[in-house]
Amino acid sequence: MAKQEDLQHIDALLEELRVIEPPDEFRRNAIVNDPEIYARAEDDPEAFWAEQAGKLRWSRPWDTVMEWKPPWVKWFLGGRLNVSVNCLDVHVEAHPDRVAYYWEGEPGDRRTITYRELYEEVCRFANALKGMGVAKGDRVAMYLGMVPELPVAMLACARIGATHSVVFGGFAAEALRDRINDAEAKVVVTGDGAWRRGSIVALKENADAAVEQCPSIEHVVVVRRTGQEVAWSSGRDVWYHDAVDGQEATCPAEEMDAEDPLYILYTSGTTGKPKGILHTTGGYLTGVATTHRLVFDIHPETDVYWCAADVGWVTGHSYIVYGPLANGTTSIMYEGAPDFPDKERWWSIVERYKATILYTAPTAIRTFMKWGHEYPARHDLSSLRLLGSVGEPINPEAWMWYFEYVGGGRCPVVDTWWQTETGAIMITPLPGITRLKPGSATRPFPGIAADVFDEEGWPVGAGKGGYLVLRRPWPSQFRTIYGDPDRYVQNYFSRFGADVYLAGDGARRDEDGYFWLLGRIDDVMNVAGHRLSTYEIESALVDHPAVAESAVVSRPDPVVGEAIVAFVTLKSEIHGDEALIVELREHVATKIGKIARPHSIVLTDDLPKTRSGKIMRRLLRDVAHGRDLGDVTTLANAEVVTTIRSLSAERKDDE
Ligand code: 7RM
């Protein structure tokens, strides 16, 4: 963990600074510096959101702000707009030469892309897609690393009304295949490869393996990035640079209904296959533009904003692409690993571009903490004025380290709680007015009705824990699970009725009404800020010929948050050994991706089950945590617990 002297220093700070006031200078210049915004939004949430939506460019105004037939909701009915017009044309008219992205490749190559250049590239690729037969309503998949062509492809889809489905470049071929097939995408945009820590991730190879089993795919567009030779299927495959070559640098924007789909993004749920979260046009853009501007206090003429997430996750969609571009922001986009070529990479980027805002995940902060504060200390980080955190609960020690050693003690830290489903930030400080408490995401964003319910659906009192819920619709909420509306209702709107959104997180409110997030209450794990379901990993394990049954749980880990522990029973004729454990871990990496590779695998003769045959995950979790087991007499096979416990003790440090 962090260096001893860092921790002592932070301990002392934690004692003194339980509450951190917004610095005077920050408050003076902040976009929001009057707390009345909360009362105003609470008084009339629809009027608040309509006012925000009014800042966008609409080709036809809406007739109705919101229509709610729980659990179904529509926003800005009758309104028409195009997302790419709001992200590009509006800014090309006002400030064509402003930088949209400072892009830095992992090997050290750089590109500066202005709003005009981005506009023209998007139009060219939009025309290319049309030429391939992509029309309004069609789905286009993307499987790329962090290259500018990824936002370009997303915006090109938005321009012509196609629905994009970005699949994180770290996912394996099968995961890509399933997502392409679920959405029945016509085209997939990929690359020859992606750079990661100096080596090449074989994107094209994976895409080829996936597409072999994707009957809907007509074309594979390939961005040349890593330059190695790749297999080619003529007629089907087309280089990105050939596709855009000679295309017009303008392209009429499809006029979209506010409720037309913008994108699908797959996320892990409690059971079954990943869910295709569907976001639409008007409400989503209103939500991300508003939260981006107010939470990050965006001054577009002067800020250099860096969200260090991957565009393959929702954080990248909302806060690298759509929110920042809608606000005319200058952003940094970095392709690679934080320790390539050395552990100073991020800080040299902050210094080079004079970043003013940095938004990242607690797992990254804890990694930097472990490396030590000498790395950020070697760089001039004085341009920074605001820091953000997202993806998992941030422990107060990591919060204070971030505040001290990255923010120099002068930058507010906004801990932002939200989900793929919510589309935009839901619980967060507003940096010009909120008194910060390290470890708390503080208060719901104006207009958001967050609450904490007990088992019966009553709001809990101060200091008590319960289920985090949202009691009123918001514009950027997902509209359904693609192709599975029943699951939308069942998963999110049945526990407390059709008018209450169940987030799947536990939370506690303190005496000031501040929210403290407690982690997932379902079978979703949060591994290094990546959302994974125990079920997906179990399915991958059971798919291996040696495996009879498996149960996956997590144990707390100081860096990645939750580490994956898999309990596995083998088929009777199979003898388990170290080599098989290695093979099983790799098997999961091949099926899902490296992010899902179990940290520990415990081979056992049996799994603890209830009398009705359900695997007792709670018990396994306790085993993984090294906790006491309590009463297990309801178990059908109680003796197995003892065995598992001793096995897992042996395995704990096997990485
Ligand atoms: C944005 C994103 C969502 C889950 C969510 C939480 C956890 C996210 C915070 C957080 C505590 C936070 N989307 N989570 N942000 N927990 N504090 N500030 O991460 O769909 O991939 O994950 O992430 O459990 O339900 S996500």
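Everything discussed here concerns the structure shown above.
Quick caveat: nothing in here was measured; it's all calculated off a predicted structure. (Residues numbered from 1 in each chain as written. Predicted model: local features only at pLDDT ≥ 70, side-chain atom pairs only at ≥ 80, totals over all residues. Heavy atoms only, no water.)

**Q** Let's hear about the layout of surface pockets: which residues, and what values?
**A** Gaps left between atoms show up when a probe the size of a water molecule is rolled over them. The space that makes up the second largest pocket amounts to roughly 350 Å³. What lines the second largest pocket is a set of 17 residues, and nearest its centre among them are Ala 175, Asp 178, Lys 273, Pro 274 and Glu 536. Elements represented by at least two residues in the lining of the second largest pocket include exactly helix 8 (173–183) and helix 18 (534–542). Counting residues per element, the lining of the second largest pocket draws most heavily on helix 8, which supplies six residues. (1 Å grid on protein atoms, 1.4 Å probe; cavity = no way out; pocket = protein on both sides within 12 Å on 5 of 7 lines; lining within 4 Å. Points joined across faces, edges and corners; volume = space filled by probe spheres on them. Helix = DSSP H or I, 4+ residues; strand = E, 2+ residues; numbered from the N terminus.)

**Q** Describe the side chain of Lys 204, listing the residues and the values that go with them.
**A** Within the element layout of this structure, Lys 204 appears in helix 9 (residues 203–211). If sequence neighbours within four positions are ignored, Lys 204 has contacts with Thr 190, Gly 191, Asp 192, Val 220, Val 222, Val 230, Ala 231, Trp 232, Arg 236 and Asp 237. (Contact = heavy atoms within 4.5 Å.)

**Q** Which residues make up the pattern of salt bridges, and what values do they have?
**A** On inspection of all chains with the given rule, the structure shows 46 salt bridges. Between Glu 174 and Lys 591 there is a salt bridge, with its nearest N and O atoms 2.5 Å apart. Of this pair, Glu 174 sits in helix 8 while Lys 591 sits in helix 19 (residues 578–591), and the two are 417 residues apart along the sequence. On the accessibility criterion, Glu 174 (27% relative accessible area) is partly exposed. Of the charged contacts in the structure, one is a salt bridge between Glu 421 and Arg 531, with a shortest N-O distance of 2.9 Å. (Salt bridge = Lys/Arg side-chain N within 4 Å of Asp/Glu carboxyl O. Buried < 20%, exposed > 50% of the residue type's maximum accessible area, 1.4 Å probe, protein only.)

**Q** Mind laying out the site of the ligand, listing which residues take part and the relevant values?
**A** Around the ligand, 17 residues are found, and the nearest of them are Asp 415, Thr 416, Thr 420, Asp 505 and Arg 531. Residue Gln 419 places a side-chain N or O atom 2.9 Å away from an oxygen atom belonging to the ligand. Contact distances for the ligand include 3.5 Å between an oxygen atom and a side-chain N or O atom of Asn 526. Considering the ligand on its own, with 530 Å² of exposed area, one finds that the protein chains cover 96% of that surface. If you list the elements that add at least two residues to the shell around the ligand, you get helix 12 (314–326) and strand 25 (515–520). (Near = heavy atom within 4 Å. Polar contact = N/O pair within 3.5 Å; in protein donor to acceptor, adjacent residues only side chain to side chain. Areas by Shrake-Rupley, 256 points an atom, 1.4 Å probe, with all protein chains shown as cover.)

**Q** Could you give an account of the pairing of strand 11 (residues 219–223), with specific residues and numbers?
**A** With five of five residues buried, strand 11 lies mostly within the body of the structure. Here strand 11 shows two buried faces, one formed by His 219, Val 221 and Val 223 and the other by Val 220 and Val 222. Pairing of strand 8 (residues 187–191) with strand 11 involves five bridges; the strand directions are parallel. When the sheet's bridge partners are listed, Thr 190 is paired in strand 11 with Val 222. With three bridges connecting them, strand 11 and strand 12 (residues 237–239) associate as parallel partners. Residue pairing across strands places Val 221 opposite Val 238, the latter belonging to strand 12. (Pairing = 2+ DSSP bridges.)

**Q** Give me the sheet that holds strand 24 (residues 501–509): which residues, what numbers.
**A** Spatially, four strands are ordered 21-22-24-25 in an open sheet, and the strand pairing comes out antiparallel. Both edges of this open sheet fall to strand 21 (450–453) and strand 25, since each of them pairs with a single strand only. Strand-to-strand twist across the sheet, computed as the mean angle between neighbouring axes with direction ignored, equals 45 degrees. Taken together, the five bridges between strand 22 (residues 465–470) and strand 24 define a ladder with antiparallel strand orientation. (Axes fitted to C-alpha atoms, helices over the stretch in contact; angles between N-to-C directions.)

**Q** Any chance you could break down the packing of helix 11 (residues 282–295) against helix 12 for me, citing the residues and the numbers?
**A** Taken N-terminus to C-terminus, the directions of helix 11 and helix 12 make an angle of 85 degrees; their axes are 8 Å apart at the nearest point. It follows from the interaxial angle that helix 11 and helix 12 lie roughly perpendicular. Within the contact between the two elements, helix 11 uses Tyr 284, Leu 285, Val 288, Ala 289, Thr 291 and His 292 and helix 12 uses His 317, Ser 318, Tyr 319, Tyr 322, Gly 323, Pro 324 and Ala 326. Residue composition of the contact of helix 11 with helix 12, grouped by class: eight nonpolar, five polar and no charged. (Parallel < 35°, antiparallel > 145°, perpendicular 65-115°, else oblique. Nonpolar A, V, L, I, M, F, W, Y, C, P; charged D, E, K, R; others polar.)

**Q** Provide a residue-level description of the side chain of Thr 329, including the pertinent values.
**A** Along the polypeptide, Thr 329 turns up in the loop between helix 12 and strand 17 (330–334). Setting aside residues up to four positions removed in sequence, Thr 329 forms contacts with Val 99, Ala 100, Tyr 115, His 292, Ile 298, Tyr 305 and Pro 324.

**Q** Please give an account of the pairing of strand 17 that cites residues and values.
**A** Most of strand 17 sits out of view: five of its five residues are buried. Neither face of strand 17 is left uncovered, since the one carrying Thr 330, Ile 332 and Tyr 334 and the one carrying Ser 331 and Met 333 both have all their residues buried. Where strand 4 (residues 99–104) meets strand 17, four bridges bridge the pair, whose relative direction is parallel. Its bridge partner being in strand 17, Tyr 101 is matched across the sheet by Ser 331. Sheet topology places strand 16 (residues 304–307) next to strand 17; three bridges connect them, and they run parallel. Of the residues in strand 17, the one forming a bridge with Tyr 305 is Ser 331. Crossover handedness for the path strand 16 to helix 12 to strand 17: right-handed. (Right-handed = clockwise from strand over helix to strand, strands pointing away.)

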